[in-house]
Amino acid sequence: PGKPTLYGSVTRRGLSSEGIPDIAASEGFLVQEVTKKSILISCPHENVSTKFLAPYTTFSRIHQKSITCLDISSGGGLGVSTSTDGTMKIWQAANGEIRRLLEGHVYDVNCCRFFPSGLVVLSGGMDAQLKIWSAEDASCVVTFKGHKGGILDTAVVDRGRNVLSCSRDGTARLWDCGKSACLGVIADCGSPVNGIAVGTADDSLNLGAPENPPSEREIGTEGKILLLAREDKKLQGVGLQSRQPVFLFVGSDAFNCCTFLSSTYILAGTQDGNIYQLDVRNTNAPIQVIHRSGAPVLSLLPYQDGFIASQGDGTCFILQQDLDYVLDLTEADCDPVYKVASWEKEIYTCCRDGIVRRYQLSDL
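Predicted model, so just to flag it, every value in this text is computed and none were measured.

Scoring rules and cut-offs
Residues numbered from 1 in each chain as written. Predicted model: local features only at pLDDT ≥ 70, side-chain atom pairs only at ≥ 80, totals over all residues. Heavy atoms only, no water. Salt bridge = Lys/Arg side-chain N within 4 Å of Asp/Glu carboxyl O. Buried < 20%, exposed > 50% of the residue type's maximum accessible area, 1.4 Å probe, protein only. Helix = DSSP H or I, 4+ residues; strand = E, 2+ residues; numbered from the N terminus. Domains from an automatic or database assignment. Pairing = 2+ DSSP bridges. Core = buried A, V, L, I, M, F, W, Y, C linked by side-chain atoms within 4.5 Å. Contact = heavy atoms within 4.5 Å. UniProt positions renumbered as here; feature names shortened; annotations may be inferred. Axes fitted to C-alpha atoms, helices over the stretch in contact; angles between N-to-C directions.

Moving on: the pattern of salt bridges. Inspection of the entire model under this criterion finds 14 salt bridges. Measuring nitrogen to oxygen at the nearest pair gives 3.3 Å for the salt bridge that ties Arg13 to Asp22. With a relative accessible area of 58%, Arg13 lands in the exposed category. Note that Asp335 and Arg352 form a salt bridge whose closest N and O atoms lie 3.1 Å from each other. Residue Asp335 is found in the loop between strand 30 (325-329) and strand 31 (337-343), and its partner Arg352 is found in the loop between strand 32 (346-351) and strand 33 (356-360); the two are separated by 17 residues along the sequence. On the basis of relative accessible area, Asp335 is assigned to the partly exposed category, the value being 22%. Look at the salt bridges and you will find they share partners, linking Glu331, Asp353 and Arg357 into a network.

Our next topic: the domain arrangement of the protein chain. With domains assigned, the protein chain is organised as domain 1 (10-49) and domain 2 (58-316 + 334-360). The centre of domain 1, based on its C-alpha atoms, is set 37 Å off from the matching centre of domain 2.

Our next topic: the pairing of strand 32. Counting buried positions along strand 32 gives six out of six residues, so the element sits mostly inside the fold. As judged from the six bridges shared by strand 31 and strand 32, these two strands associate in the antiparallel manner. Opposite Val337, over in strand 32, you have Cys351 as the bridge partner. Looking at chain direction, strand 32 and strand 33 are connected through five bridges and run antiparallel. Residue pairing for strand 33: Thr349 is matched across the bridge by Arg357.

Val80, Leu102, Phe144 and Val163 are the most contacted members of the largest nonpolar core, which has 25 residues in total. Those elements that place two or more of their residues in this core are strand 8 (78-83), strand 9 (88-92), strand 11 (109-114), strand 12 (120-125), strand 13 (129-134), strand 14 (140-145) and strand 15 (151-157). Broken down by element, the residue count for this core peaks at four residues, all from strand 11. Once residues lying within four places of it in the same chain are set aside, the contact partners of Phe144 are Ala128, Gln129, Leu130, Ile132, Val163, Trp175, Asp176, Cys177, Ser180 and Ala181.

With that settled, the discussion passes to the side chain of Thr349. Mapped onto the fold, Thr349 is located in strand 32. Accessibility expressed as a relative area gives 3% for Thr349, which makes it buried. Setting aside its immediate chain neighbours within four residues, Thr349 contacts Leu70, Cys316, Val337, Lys339, Val340, Ile355, Val356, Arg357 and Tyr359.

Mapped onto this numbering, the UniProt entry annotates "repeat: WD" (unreviewed entry) at residues 60-101, 102-143 and 144-176. As a span, residues 60-101 carries 0% helix and 50% strand, and end to end its C-alpha atoms are 16 Å apart. Secondary structure content for residues 102-143 is 0% helix and 52% strand, and the end C-alpha separation is 13 Å.

Turning our attention to the sheet that holds strand 33. Overall, antiparallel pairing links the four strands, which are arranged 6-33-32-31 in an open sheet. Each having just a single partner strand, strand 6 (57-59) and strand 31 make up the two edges of the open sheet. Strand-to-strand, the axes of this sheet are offset by a mean angle of 20 degrees, without reference to chain direction.

Here we have four strands laid out as an open sheet, ordered 15-16-17-18, and antiparallel in their pairing. The open sheet terminates on both sides in strands that have one partner only, identified here as strand 15 and strand 18 (181-188). The average undirected angle you get between the axes of adjacent strands in this sheet is 20 degrees. Bridge analysis of strand 15 against strand 16 (residues 162-167) gives six bridges, and the strand direction is antiparallel. Pairing of Asp153 across the sheet is with Cys166, part of strand 16.

Here is the structure:
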């Protein structure tokens, strides 16, 4: 900010006998290393460098239209995704081969995720319904009803006896999977809640005390904090068991997504391209604000000792604490990358162009 942008170009001059391109950069930029899947470019004057990584494989046959959400199972074997073509599918993570079609939502399905077991899927749709599915036979085991608007995000508490959802109706709700019942409204924000995340709170944080003793059906809510990324430019922290507000942070624009980096550090992304890193013990001022472009931040995912972020202009990048460079995951061009999921050294992205891309960080 405040400095003129530096522009440069890279040119391919030919191919080596191994099939590695010979690439040169214009003045002020250096091409430091090139492989079949990556290019490392630096700007010594600014002391910055970026590695651009191409996908290892792409799956274009899973869906016909935009893929709005995806997740990878805990063992890395299966993927689940939802699309504006009205379908939700389970597929082999290795080759994109479709295994199951999950049918039952009316209208679009907004979000999907595996339970920690990898055998069960949780989904939420514009029909205001939250559903639990068997990944093995595609049956819908439970349907939760109670929200008055489309469900925008979900979270699983511990191993999954309780789950959470947030909605356009401004509420976040806690559900009991065993009895398919709502255990309570955790927060009523009066504004759509675009994203949620649940995490173990730092010991020094006062989460408040519940007004009424919690139901014995509540499993694993003690000591947890729920983050709410709200449309009204607010990021809120609520004690999951107490239902008491812990903090309220006002950002520059609507918050789209949020996640925990640790029990003390959280991240949240806004519609105008800001990624806020906050310390939950003191949210008066952010630790840092990362701003790569003005495009909406659509998803955030903790990764190793850093995080992965995706934006509405097709950028998807990894920032790590110990790396002095940014890793850019390429090929989405200018289509929004809606969601990122990872398993070990593999990263999967889903995009408006209807393609699932798989990146291998072991390539580096």
